[in-house]
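Here is how the chains run, residue by residue.
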Amino acid sequence: MTILDILCYPDPRLHKVAKPVAAIDGRIRQLTQDMLATMYDAQGVGLAATQVDVHERVVVIDVSEERNEPMVLINPEITWASPERKKGDEGCLSVPGVYDGVERAAEIEFKALDADGKTYTRRADGLLAVCVQHELDHLMGKVFVEYLSPLKRNRIKTKMVKAQRDAERERA
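Overview of the structure. From a predicted model like this one, the values you see are computed outputs, not experimental measurements.

Things to note about the pairing of strand S7 (residues 119-125)
The side chains of a regular strand alternate between the sheet's two faces. Pairing analysis gives seven bridges linking strand S6 (residues 107-113) to S7, with the strands arranged antiparallel. Within the sheet, the bridge partner assigned to glutamate 107 lies in S7 and is aspartate 125. The hairpin formed by S6 and S7 contains five residues between the paired strands, and glycine 117 there has a positive phi angle of roughly 85°.

Rendered as structure tokens:
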């Protein structure tokens, strides 16, 4: 398994809309394994293919305490969302060190294909519901900071650009 590079906000590639996966083949299965390895290495709970510069509808998630219940979502789609909303702090591997409140549906139902191409449906609440909604936003080219006020978003963008410049200087 390969640890992939995670794109950092405000990289414009994070705003590309992912295309549906046409066929689940060895390449896609390898992608899901590499994405899981990358997510675990970065200590995240979810990762969308968009974040590793692959613009196909693939997501990996593991919200378990022991980090041993990986989920693969290929061509995922939210089929129902509760009218009840909850606001909670979110972070993102593409926006390291930034956490802020985002309002999401409290409960959802989603369907997806697993790594073997089998369709499954699942109802989710709590962290899993938030994670699925967050990762599906990535597939649509949306980063969680876009839910924040323009002032907060601009401060985050400035901070991220500065951090990237500093990191490039250190490597030079």
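After that view, the rundown keeps rolling.
Notes on the sheet that holds S7
If you trace the five strands from one edge of the open sheet to the other, you get S1-S2-S3-S6-S7, paired in antiparallel fashion. A strand with exactly one partner marks an edge of an open sheet, and here the two such strands are strand S1 (46-48) and S7. Each neighbouring strand pair of the sheet contributes to a mean axis angle of 40°, computed without reference to strand direction. Bridge count for strand S3 (residues 71-81) against S6 is five bridges, and the pairing is antiparallel.

Considerations on the pattern of salt bridges
A full pass over the atoms with the stated rule returns 11 salt bridges. For aspartate 11, the salt bridge identified is with arginine 13, shortest N-O distance 2.6 Å. Residue arginine 27 pairs with glutamate 56 through a salt bridge whose shortest N-O separation is 2.8 Å. One end of the pair, arginine 27, is in helix H1 (residues 26-41); the other, glutamate 56, is in the loop between S1 and strand S2 (58-61), with 29 residues separating them in the sequence. Relative accessible area serves as the criterion here: at 47%, arginine 27 is assigned to the partly exposed category. Through salt bridges with shared partners, one network takes in Asp11, Arg13 and Asp53.

Scoring rules and cut-offs
Residues numbered from 1 in each chain as written. Predicted model: local features only at pLDDT ≥ 70, side-chain atom pairs only at ≥ 80, totals over all residues. Heavy atoms only, no water. Pairing = 2+ DSSP bridges. Helix = DSSP H or I, 4+ residues; strand = E, 2+ residues; numbered from the N terminus. Axes fitted to C-alpha atoms, helices over the stretch in contact; angles between N-to-C directions. Salt bridge = Lys/Arg side-chain N within 4 Å of Asp/Glu carboxyl O. Buried < 20%, exposed > 50% of the residue type's maximum accessible area, 1.4 Å probe, protein only.

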